[in-house]
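Architecture at a glance
Listed below, chain by chain, are the residues.
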Amino acid sequence: MGKSLIQQQIVTKDSKGLFLTGDGFDTIAVSPNVNERFVKKYLNPINTYHIPSDLKKSGEKEIAAYPPLFTFIQPETGELVLGKANFAPAESAKQKNRLFVHNYIIPAIRKEEWIHHSSKIFHIEHFYGLEDTEHLKEELEEIEHLAYTKENIFAKKQELFHVLQLDEKKFKELLFACITAVAENKRVYISFQASHDMQHKYAMWLLELLFLYMPYETRRLFGATTFHNEPEIMENIHVMFVEQGSIRLRNKAVENQFTFDLSQDKINGLNFKEEEHDYLHFAYEALVTATELDEFFIYCERALKGLDKQTKLTIQTYNSLFLLFYMEKLDYYFYDNDKVATLEMLLVFLQKKHREKLELVHIFKQVLHREELMKDASIVQDYLKLVLEIQKVVEHVDVVEFIVKTIAYYEGEAVCQSLWEILEKYPDTYQQVLSYMSDIFSYAEIIEDYLKHQFSFQHSLSKVLINIKNLLQINSSFEHNGTFLKSTKNRLVYEVKKNSHPISIVFEIVTYFQRSLPFESYKRMVLPDVKGQLLVQLQLEKVNLADVKHFGEIFLLEKEERSFEIKGWEKEKFEVLELLYTYFYLAFEQTQYVFRMASAPITAKACELAQDIIKENGLFKPYERFLLLFPGGMEGVEHRQVFSYIAIYGSEDEMLNYIEWSLKKFGTSPRFSHALKNYLITDRNSIWKKKEMKRELASIRSQSLKKLLKEVREQTANPGVKFFRKYGVLLIVVVILGVVGYFYPTLNGQ
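Residues numbered from 1 in each chain as written. Predicted model: local features only at pLDDT ≥ 70, side-chain atom pairs only at ≥ 80, totals over all residues. Heavy atoms only, no water.

**A short note on the overall build of the protein**
Helix and strand counts for the protein come out as 35 helices and 10 strands. The C-alpha radius of gyration computed for the protein amounts to 52 Å, which surpasses the reference 27 Å derived for 750 residues by more than 25%, pointing to a less compact arrangement than a globule. With the principal axes as the frame, the protein shows a C-alpha extent of 175 × 100 × 45 Å. Residues counted as buried form 51% of the 750 residues belonging to the protein. (Helix = DSSP H or I, 4+ residues; strand = E, 2+ residues; numbered from the N terminus. Rg over C-alpha atoms; globule rule 2.2 N^0.38 Å. Buried < 20%, exposed > 50% of the residue type's maximum accessible area, 1.4 Å probe, protein only.)

**Quick notes on the pairing of strand E4 (residues 80–88)**
In terms of burial, E4 is a largely internal element, 8 of the 9 residues being buried. Linking two consecutive strands that pair antiparallel, namely strand E3 (residues 69–73) and E4, is a turn of 6 residues; a positive phi of about 105° is found at Gly78 within it. With 9 bridges connecting them, E4 and strand E5 (residues 98–106) associate as antiparallel partners. Bridged to Leu82 within E5 is Tyr104. (Pairing = 2+ DSSP bridges.)

**Quick look at the side chain of Lys111**
Inspection of the secondary structure puts Lys111 in the loop between E5 and helix H3 (112–116). Here Lys111 sits buried without a salt bridge, and the closest side chain of opposite charge, Glu112, lies 6.1 Å off (N-O distance). Here the side chain of Lys111 touches Gln74 through a polar contact of 2.9 Å, side chain to side chain. Setting aside its immediate chain neighbours within four residues, Lys111 contacts Gln74, Gly78, Glu79, Leu80, Ile106 and Arg220. (Lys, Arg positive; Asp, Glu negative; His and termini not counted. Salt bridge = Lys/Arg side-chain N within 4 Å of Asp/Glu carboxyl O. Polar contact = N/O pair within 3.5 Å; in protein donor to acceptor, adjacent residues only side chain to side chain. Contact = heavy atoms within 4.5 Å.)

**Remarks on the state of the cysteines**
According to the stated counting rule, one finds 0 disulfides in the structure shown. Note on Cys178: no disulfide assigned, nearest cysteine sulfur contributed by Cys300 at a separation of 18 Å. Given a relative accessible area of 0%, Cys178 falls into the buried group. (Disulfide = S-S within 2.5 Å.)

**Re the pattern of salt bridges**
Applying the stated rule across the entire model yields 33 salt bridges. Where Lys329 meets Glu295, a salt bridge forms, and the shortest distance between an N and an O atom there is 2.9 Å. Of this pair, Lys329 sits in the loop between helix H12 (315–328) and helix H13 (333–337) while Glu295 sits in helix H10 (residues 294–303), placing them 34 residues apart in sequence. Where Lys405 meets Glu401, a salt bridge forms, and the shortest distance between an N and an O atom there is 3.2 Å. Within this pair, Lys405 and its partner Glu401 are both found in helix H17 (residues 400–409), separated by 4 residues, close to a single helical turn.

**What to know about the packing of aromatic side chains**
Each aromatic ring pair is specified by the distance between its two centres and by the angle formed by the two planes. Under the defined criterion, the tally for this structure stands at 62 aromatic pairs. The interplanar angle of 45° and the centroid separation of 6.3 Å between the aromatic rings of Phe211 and Phe222 together place this pair among those described as tilted. Linking Phe211 in helix H7 (residues 196–212) with Phe222 in the loop between helix H8 (216–219) and strand E7 (224–228), this pair joins segments that are 11 residues apart in sequence. Grouping residues by exposure puts Phe211 and Phe222 together as buried. Linked through ring pairs, Tyr216, Tyr279, Phe282, Phe296, Phe297, Tyr299, Tyr318, Phe322, Phe325, Tyr326, Tyr333 and Phe334 together constitute an aromatic cluster. The ring of Tyr332 has Arg370 lying over it, and the distance from NZ or CZ to the ring centre is 4.3 Å. It is Arg625 that lies over the ring of Tyr583; its NZ or CZ is 5.2 Å from the centre. (Phe/Tyr/Trp six-rings, centres within 6.5 Å; stacked < 30°, edge-to-face > 60°. Lys NZ or Arg CZ within 6 Å of the ring centre and 35° of its normal.)

**A closer look at the nonpolar core**
Formed by 221 residues in total, the largest nonpolar core has its most connected members in Tyr213, Tyr279, Phe296, Trp420 and Phe626. Setting aside anything within four residues of it in sequence, one finds Trp420 in contact with Ile407, Tyr430, Val433, Leu434, Met437, Ile446 and Tyr450. Counting 18 residues, the second largest nonpolar core, distinct from the first, contains Val30, Val39, Val81 and Ile237. (Core = buried A, V, L, I, M, F, W, Y, C linked by side-chain atoms within 4.5 Å.)

**A closer look at unusual backbone geometry**
Residue Pro622 is bonded to the preceding Lys621 through a cis peptide linkage, with omega at -5°. Position of Pro622 relative to the elements: it lies in the loop between helix H28 (600–617) and helix H29 (623–626).

**Quick word on the environment of Glu173**
Relative to the helices and strands, Glu173 is located in helix H6 (residues 168–184). Remark: the alpha-carbon pair of Glu173 and Gln95, spanning 78 residues in sequence, is separated by 46 Å. Setting aside residues no more than four positions away along its own chain, Glu173 makes contact with Phe260, Ile267, Leu270 and Phe272.

**As for the packing of H6 against helix H9 (residues 278–288)**
Two elements in contact, H6 and H9, have axes separated by 10 Å at closest approach and are oriented at 120°. For the element pair H6 / H9, the angle class is oblique. Here H6 and H9 pass one another in a crossing that is right-handed. Counted together, Glu168, Phe171, Lys172, Leu175, Phe176 and Ile179 of H6 and Tyr279, Leu280, His281, Ala283, Tyr284 and Leu287 of H9 form the full contact between these two elements. (Axes fitted to C-alpha atoms, helices over the stretch in contact; angles between N-to-C directions. Parallel < 35°, antiparallel > 145°, perpendicular 65-115°, else oblique. Left-handed = near helix turned anticlockwise from the far one by under 90°.)

**Some details on the side chain of Glu495**
Mapped onto the elements, Glu495 comes out in helix H22 (residues 482–498). Classification of Glu495 by relative accessible area gives buried; the value is 7%. At a separation of 2.7 Å, a polar atom in the side chain of Glu495 contacts the side chain of Arg491. With residues up to four places along the chain from it excluded, the contact list for Glu495 reads Leu461 and Ile505.

**Some points on the confidence of the model for the protein**
Put simply, the protein has an average pLDDT of 89, and 93% of its residues get 70 or more. Between the elements of the protein, mean pLDDT differs from a low of 59, seen in helix H35 (residues 719–749), to a high of 98, seen in H8. (pLDDT = per-residue confidence, 0-100.)

**Comments concerning H28**
Counted at 1.5 Å a residue, the expected span for H28 with its 18 residues is 26 Å, and the 25 Å between its end C-alpha atoms agrees. Along H28, the residues that are buried comprise Ile602, Thr603, Ala606, Cys607, Leu609, Ala610, Gln611, Ile613 and Ile614. Where H28 is buried, its residues touch helix H25 (545–556), helix H26 (568–585), helix H27 (588–597), H29 and helix H30 (639–649). Gly618 sits one or two residues past H28 and shows a positive phi near 65°. (Expected span 1.5 Å × (residues − 1).)

Right under this line is the structure:
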């Protein structure tokens, strides 16, 4: 195809066509850049003529009786094809009917000229006709311009409406059907009563009027033909004028399509409510006043930039754009009827390429300026959401003052908190609003109420912590804001007070602050009170191993944070827990030193608690540290207490391991040996009573232990065994002498 020149094609019945080898309708002349594939796929289907039934039946021979057929299509390749067909009946039986079709093919890159000017389509000055057949060459010229006449279509409106029995409602229905047919790939079939010579004229008039009020996007796809014998599905044809009486609803071609039998006043296929389509009212008013809508359509073109094809085609889009167009003229009638819907429209059109849609951005600014604040409580939440969504898209429009005034207007009402919650989902604007209100004294009470709510008891601790972080990140001045500090501190301290396990709560708070809050000044002002409350609430007898670890991580790992004084019983709790943390989590040397330095009451309490924790967790090792929990420590340990404790709370394996370890440390100590011997002999849980354990003890390589076990064995043997061990040899001698004495006389007598 030529890139910018208009191509031509002529079709007639001839035995010397360009593309067919035999008789039939074929191209006899064509421009050089029209390819065969395009002809066969797009042009051949429309190169037809349908003879009116009554003329066919009567065998009418007058050429003038057969009206021309006008067709235009726009294939998916983008071209605009404008064609006119003429028919001449055979004058005798020896002759054949003649068809002549002339098509102009407008290249895609120039099509807009015709889309914007309907006269270039409907009032072309020249088409070749049957009389030109003999003078045509096989190659038609490519042309730059296509001559057309300018006619006042509005002057023909009254006659057209009278003949076709049209009124406002029917015209709106026809326009709706045409726009919808293009959007949904449907067909519109129209029939009306008129003589054959007038049928073509009225069809062309009606097509032009409908085309005139179609949006440009619809025009770019629209196709039509002025006469067929009956409804037929044809590719790229949306409107087809058909013979009167040919619209039969049982015909599959009309199923789910739009049909207008105007002479019978029968319309089918429409699901149409006139009052819902403001654009149709607008279009009809323009028709009545003989006004074209190019200004509106150009406005629509800008508004629709970047949006998807379907949105550009649907009639609802133009209903919306009409309302916005009306507002641009500073008429807010439609806006006041449905303010939320208007903002919804603005949002749809501004979501794509908003920088090229300054008219719509201006409307948004004008609306906010006009409103100042939203006083209608029934729509305020939806309205605010849309304001924020639009502002997120266009960015540079200042909505802060509008939002602040709206929030202030509803201060103290339930809806106010809902407005804050909506605002929180838009961090940038949220930050601007908070900063704006924080800087103005008259809004101090509103900010205070909002902060109190953010840290109220209806929120969980995790939510409160997130709120603290978010607010500080959004407005760092809150770090030194008295209301903010007081509200957050009170809530966190209360959280510690009410909880049955306060140390876990404080650990959660401290951990969150360390990981998520870089605001050191704020932490220094809040955490001391939280930690201090923990010491008040803490009950030492309920402390477990995890609590000890948490205590150390809360109080001992960040020494610089202990900027508060601890007194009284809270100080004792602190020192006991510090000792416990040292015992369980620090090196033995440090533990030994801390135990030595601590006061006796503190050490005693810590040892008692540590022993309880060891019971629960079996944490006996390392034994050097374990012995610190008993009077005397490593230097003067009370071995009896140690054996007794392990016997009650430890396992048999634990006792065996301890004995083996302690033999190396205290094996030469008489006190140790005495305590071990006493345990093995007298303790009811003694491992000496278990055969397997006894063997394990005996296998330990220690001479002192072997000697001790011998004594244990002797002392734990039953009385018979003890007697035999003591007098066994003597008893044997006595028995032997007795036996000899008994048998000696008998032997001597022999």
